[in-house]
Each structure stands twice: as C-alpha cells, then as structure tokens.
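# Chain and residue survey
Chain by chain, the residues:
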Amino acid sequence: MKTEEQIDNYIMSQPEPKRQEMKELHQLILQVSPGCKLWFEDGKNNEGKTVSNPNIGYGSYSIKYADGTTKEFFRIGLSANTTGISVYILGLKDKNYLAQTHGDKIGKASVTGYCIKFKTLKDININILEAAIRYRFEEA
C-alpha cells in the first residue's frame, strides 16, 4: 500500500470531529511544504507489537548518532491520541524553542521541546501552530 493510501486510511479511521481536524492539519502542512516527503509510521515494532501511536510524517532530516551512523527521519509528525491530536516538531536545534516562542501564544495546548498536544483545533491559535511548522521546514 502506498504511503498516501496509508495516510488516508489512518485519517479516515479517526472518529469525528478528530477526522476532520486531522484532514485540515494534513492539508495545512502540505500547504506549508508542498511536495515534501511523506511518511507513515504504524506505531509497531519489528515484532508487530504496538509501541506508539501511528504517525504521519512530513519532510526529512538526518539524525547523526555518536557512532557516526545516520538515520533519516521526518521533520513534522501528526498523530491522533486518546485525548486529541499531537503535532511533533522534530530535530530542532534548540529544545526550548517551541515552549519559549509559542507556548504562551498557542492557546490551550501542552508544549514540550518537540510536541504540541491539544484536544481540538478550537483550543489553539492555528496561525501560531503554522508558524512553528513553517519554522521547522525552514530551519536547516
């Protein structure tokens, strides 16, 4: 199954209104970075055991490990969770950036070093979320 089909199936599997909000966020991210690499992580390990929520990924960057090896991973992640939606902003050089820059402006959301978690889009300022997403695509 193609990545786009996996993404569509994942979004469609969500209950309303989360399904519509996931569609809106998916479109927003694609507008910010048209043509970016798409990923779908089903949240299962090599043995097929669920270890995390599924994630839609956007863009890519290389993670360099201490042993010199590298791994490609997505810059932005979008995931449904039991209480709402999480947007992951991965690979930021400054782990305080999200909280310091957007934490007090985004609205009713939990903001960590790499994640913005909220119950519904109505609870947040979508323009602030878009700015955080745009920043990560523009950061080298």
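First, a word on what this report is: a plain description of the structure on this page. (Residues numbered from 1 in each chain as written. Predicted model: local features only at pLDDT ≥ 70, side-chain atom pairs only at ≥ 80, totals over all residues. Heavy atoms only, no water.)

As a further point, take the pattern of salt bridges. One pass over the full model with this rule turns up four salt bridges. Among the salt bridges present, the one from E72 reaches K37, with a minimum N-O distance of 3.3 Å. Of this pair, E72 sits in strand β4 (residues 70-73) while K37 sits in the loop between α2 (18-32) and β1 (38-41), placing them 35 residues apart in sequence. Classification of E72 as partly exposed rests on a relative accessible area of 37%. With its nearest N and O atoms 3.4 Å apart, the salt bridge here joins E139 to R136. With a relative accessible area of 11%, E139 lands in the buried category. (Salt bridge = Lys/Arg side-chain N within 4 Å of Asp/Glu carboxyl O. Helix = DSSP H or I, 4+ residues; strand = E, 2+ residues; numbered from the N terminus. Buried < 20%, exposed > 50% of the residue type's maximum accessible area, 1.4 Å probe, protein only.)

Within the secondary structure, T120 sits in the loop between β8 (115-118) and α4 (126-138). Its relative accessible area of 15% is what places T120 among the buried residues.

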